[in-house]
Amino acid sequence: MSERLDAFMARANAAYYARHDPFADFTTAPEISQVFGEIMGLWAAVCWQMLGSPAPVLLVEAGPGRGTLMADALRAIGRTMPAFRAALQVHLIETSPRLRAAQAERVPGATWHDALDSVPAGPVLLIANEFLDALPIRQFVRRGDGWAERHVEDGQFVERPADPDGIPAHWSTPPEGTIREHAPAALAFVDGLAARLVAAPGAALIADYGPAEDLPGDSLQAIANGKPTDPLIAPGEADLTAHVPFAALAACARTAGARVHGPEPQGMVLARLGLFQRSNRLARSLPPAQASAIMEAARRLGEPDRMGRLFKMLAITHPSLTQCPGFEA
Ligand code: SAH
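Residues numbered from 1 in each chain as written. Predicted model: local features only at pLDDT ≥ 70, side-chain atom pairs only at ≥ 80, totals over all residues. Heavy atoms only, no water.

Engineer: Got a sec to walk through the environment of Val269? Specific residues and values, please.
Structural biologist: Within the secondary structure, Val269 is located in helix α10 (residues 266-272). Taking the C-alpha atoms as reference, Val269 lies 16 Å from Ala297; in sequence the two are 28 residues apart. The residues contacting Val269, other than those within four sequence positions of it, are Glu264, Met313, Gly326 and Phe327. (Helix = DSSP H or I, 4+ residues; strand = E, 2+ residues; numbered from the N terminus. Contact = heavy atoms within 4.5 Å.)

Structure (structure tokens):
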């Protein structure tokens, strides 16, 4: 029996995140440098002020991993903007019980949710790093004058006739065999988020891996034991991700009435938000070996030939926020 790719990916990742320590297999920006989480926290604090300092306010993180980003963010917020620290309540969106336990150690007093739906309504600042890339995608292949959809059977792709209603209307008619991806779960998340950001003051900063423009191709990838592996062979043993379709997400948020800033390369946004200055200041207070590690980590996150260009940042805000920290006007 074949399983549609999004169902396969959802099942594989639920099993993977429940059983494995993902950080044994790959590293992420907040694990590379504490300055990443500090900057995201300070970004939220500045947006909160620009939005008129609503209180109470929710500080939400989607897919918090080990809880490192949120712990770094809260520490920086507490030092720099105690009024925001006093007004905020932390809500974490996480399905893995194992990672929830890790998060509880670093972020005591948080409230957990399986999805955005159950997060209470009201003013919100949301941050997410490498969350959307883990959500299930669908893949379609151009066949004749229509599309086939990719399913998985016995560790291989098989093609099944596609339901024409599942095909996004704006897709052109590309050459035979062209693969297109559709990310209904990421789009549904952004749609729900944008609706909240229109209904109440708020802002969201999303960092992830993917192109700024709409591109065809198969971007599904798997990492197991630190190495790329076949995504279809052993579901639950590898972390499955796909490129985040930033252009489609931005369009979705705009349609919902929210304001969109970016996407822009992560390195540019982080540099404008003070990645190198903060890292420098921190380095000056550290012994030489740790100081050079902090500066090397900043270069890894920010330089275009490292993570600075492949990763993008997208901000989605209440329409009143005509300027957003870190993004060009
Ligand atoms: N943001 C962290 C972790 C990235 S890994 C970091 O940058 O280090 C992806 C995270 O999203 C994990 O915490 C994983 O358990 C969570 N996740 C994956 N799929 C999810 C889903 N469908 N709903 C909620 N959380 C999910």
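Next, the rest of the story.
Engineer: Got a sec to walk through the sheet that holds strand β5 (residues 124-129)? Specific residues and values, please.
Structural biologist: Strand pairing in a sheet relies on backbone hydrogen bonds, with the paired strands running either antiparallel or parallel. Strand order across the open sheet formed by seven strands is β4-β3-β2-β5-β10-β15-β14, with mixed pairing between neighbours. Each having just a single partner strand, β4 (111-113) and β14 (259-265) make up the two edges of the open sheet. The sheet shows a mean angle of 15° between the axes of neighbouring strands, taken without regard to direction. In this structure, β14 lies alongside strand β15 (residues 311-317), joined through five bridges in antiparallel fashion. Across the sheet, residue Glu264 finds its bridge partner in β15, namely Met313. On the sheet, helix α8 (residues 184-199) packs against β2 (57-62), β3 (88-93), β5, β10 (202-209) and β15 and is oriented at approximately 155° with respect to β10. (Pairing = 2+ DSSP bridges. Axes fitted to C-alpha atoms, helices over the stretch in contact; angles between N-to-C directions.)

Engineer: How would you sum up the side chain of Ser33? Please name residues and give values.
Structural biologist: Relative to the helices and strands, Ser33 resides in the loop between α3 (29-32) and α4 (34-50). Classification of Ser33 as buried rests on a relative accessible area of 2%. A distance of 3.1 Å separates a polar side-chain atom of Ser33 from the backbone nitrogen of Val35. (Buried < 20%, exposed > 50% of the residue type's maximum accessible area, 1.4 Å probe, protein only. Polar contact = N/O pair within 3.5 Å; in protein donor to acceptor, adjacent residues only side chain to side chain.)

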